[in-house]
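# Descriptive structure summary
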Amino acid sequence: MTKVTAQVSVSVDGFYAGPQFDGDGDWIDSAESAAFFRVTRWVTEATAWRERQGFTGGEQDTNSDVIAETFAAAGAYVMGRRMADGGEVPWGDDPPFRAPVFVVTHRPRQRLLREGGTSFTYVTDGVASAVEQARAVAGGKNVAVAGGGSLVRQVLKAGLLDELELHVVPVVLGTGLRLFDADLDLGDKEAVELTPTRVIHTPQVTHIRYAVGGRAPLVLDDRGRGGGPTVTAN
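Reading the values: rules and limits
- Residues numbered from 1 in each chain as written.
- Predicted model: local features only at pLDDT ≥ 70, side-chain atom pairs only at ≥ 80, totals over all residues.
- Heavy atoms only, no water.
- UniProt positions renumbered as here; feature names shortened; annotations may be inferred.
- Helix = DSSP H or I, 4+ residues; strand = E, 2+ residues; numbered from the N terminus.
- Buried < 20%, exposed > 50% of the residue type's maximum accessible area, 1.4 Å probe, protein only.
- Polar contact = N/O pair within 3.5 Å; in protein donor to acceptor, adjacent residues only side chain to side chain.
- Arc of directions from axis to C-beta.
- Salt bridge = Lys/Arg side-chain N within 4 Å of Asp/Glu carboxyl O.
- Patch = residues over 30% accessible without salt bridge, like charges linked within 9 Å, V, L, I, M, F, W, Y side chains within 5 Å.
- Areas by Shrake-Rupley, 256 points an atom, 1.4 Å probe, with all protein chains shown as cover.
- Contact = heavy atoms within 4.5 Å.
- Core = buried A, V, L, I, M, F, W, Y, C linked by side-chain atoms within 4.5 Å.
- Lys, Arg positive; Asp, Glu negative; His and termini not counted.
- Pairing = 2+ DSSP bridges.

- The name given to the protein chain in an unreviewed UniProt entry is Dihydrofolate reductase, with Micromonospora parathelypteridis as the source organism.

Here it is in structure tokens:
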């Protein structure tokens, strides 16, 4: 059964990149980039990632197995325009996705066909439409929300995300682009419940997979009296 999934590498304090690059200078030299490459170092050091990029070397370890599994599970991708624009040149003619990619954007563009089965379709009528189109061509595999973080929040906010895997890197960044923020529009006494389904620990990163539940009210428990939740917070 097709699931909508997201994979995000984050610091212990919840950032997936540094402060957003303002476009002045080269992104690769920015604070956003420095933090992003720190939390994704486990990826770039892995054999499975390097092979997918056409590179050699890397570590053939548990982290590499997690990456290989993720690539194998994806039948289509949903991506934000900023990520697509930033990756277009470095990905080259043979991007690593090897599946249809649906780019959420406000700016129309003709579909791009690339080698290896990758295509980029630019979707201008919202994230739900992009997910629906990706699901239709995923062939029973997962629809992978490739990012960035703002797009992951949009999919979560819309109730479309089935599974979230956080790759928690043992570093505190202190500031930057936070994965979860107030734009989820949760009520003061409301939450999105997650159920852990798998945890894999390595020295470089801890992989935590969650099944995503729906929005739920926060309840006041009995504060240790043994009777469980007693009062529903409206």
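### Here's the deal with the UniProt feature "domain: Bacterial bifunctional deaminase-reductase C-terminal" (unreviewed entry) in the protein chain
- Taking the UniProt record as the reference, the feature "domain: Bacterial bifunctional deaminase-reductase C-terminal" (unreviewed entry) is found at residues 3-186.
- End-to-end, the C-alpha atoms of residues 3-186 are 23 Å apart, and along that stretch the chain is 34% helix and 24% strand.

### Concerning the environment of Thr2
- Position of Thr2 relative to the elements: it lies in the segment before β1 (4-11).
- A residue is classified by how much of its surface remains accessible, and Thr2, at 14% relative accessible area, is buried.
- Between the alpha carbons of Thr2 and Gly139 there is a distance of 7.9 Å; along the sequence they are 137 residues apart.
- Of the polar contacts made by the side chain of Thr2, one reaches the backbone oxygen of Lys141; its length is 3.1 Å.

### Quick notes on helix α5 (residues 81-91)
- Where α5 is concerned, the buried positions are Arg81, Ala84, Gly87 and Trp91. Down the axis, α5 shows its buried residues gathered within 130° of arc, on one side only. For α5, the exposed residues lying more than 90 degrees away from the buried face are Gly86, Val89 and Pro90.
- Looking one or two residues beyond α5, the residue adopting positive phi is Gly92, at roughly 70°.

### Overview of the pattern of salt bridges
- Within the structure shown, the criterion is met by 14 salt bridges.
- Note that Lys157 and Asp185 form a salt bridge whose closest N and O atoms lie 2.6 Å from each other. Here Lys157, found in helix α7 (residues 149-157), pairs with Asp185, found in the loop between β9 (177-178) and β10 (190-201); they are 28 residues apart in sequence, far enough to count as distant.
- When its relative accessible area of 36% is taken as the criterion, Lys157 is described as partly exposed.
- With a shortest N-O distance of 3.6 Å, Arg209 and Glu163 are connected by a salt bridge. With Arg209 in strand β11 (residues 206-217) and Glu163 in strand β8 (residues 163-169), the pair connects residues that are 46 residues apart, well separated along the chain. With respect to class, Arg209 is no different from Glu163; both count as buried.
- Look at the salt bridges and you will find they share partners, linking Lys3, Glu69, Glu163, Glu165, Arg198 and Arg209 into a network.

### Some thoughts on a nonpolar patch on the surface
- Taken together, the side chains of Ile28, Phe36 and Phe37 make up a nonpolar region of the molecular surface, amounting to roughly 250 Å² of accessible area.
- Relative to the elements of secondary structure, Phe36 occurs in helix α1 (residues 31-39).
- Overall, the relative accessible area of 30% leaves Phe36 in the partly exposed class.

### So, the environment of Thr175
- Checked against the element boundaries, Thr175 lands in the loop between β8 and β9.
- Considering only alpha carbons, one finds Thr175 and Phe15, 160 residues apart in sequence, at a separation of 7.1 Å.
- For Thr175, the residues in contact, after removing those within four places along its chain, are Phe15, Ala17, Gly18 and Pro19.

### So, the nonpolar core
- With 31 residues, the main nonpolar core has Val78, Val145 and Leu161 as its most contacted residues.
- Setting aside its immediate chain neighbours within four residues, Val145 contacts Val4, Thr5, Ala6, Gln7, Val78, Leu151, Val152, Val155 and Leu161.

### Comments concerning the side chain of Arg52
- Topologically, Arg52 is positioned in helix α3 (residues 47-53).
- With no salt bridge to any partner, buried Arg52 finds its closest opposite charge in Asp94, at an N-O distance of 7.9 Å.
- Not counting residues up to four positions away in its chain, the partners in contact with Arg52 are Phe71, Pro96, Phe97 and Arg98.

### Topic: the sheet that holds strand β6 (residues 119-123)
- Strand order in the open sheet formed by nine strands is β5-β6-β4-β3-β7-β1-β8-β11-β10, with mixed pairing between adjacent strands. The open sheet has two edge strands, β5 (112-113) and β10, and neither has a second partner.
- Both β8 and β11 contribute to a ladder of six bridges, which runs antiparallel. Pairing of Leu164 across the sheet is with Tyr210, part of β11.

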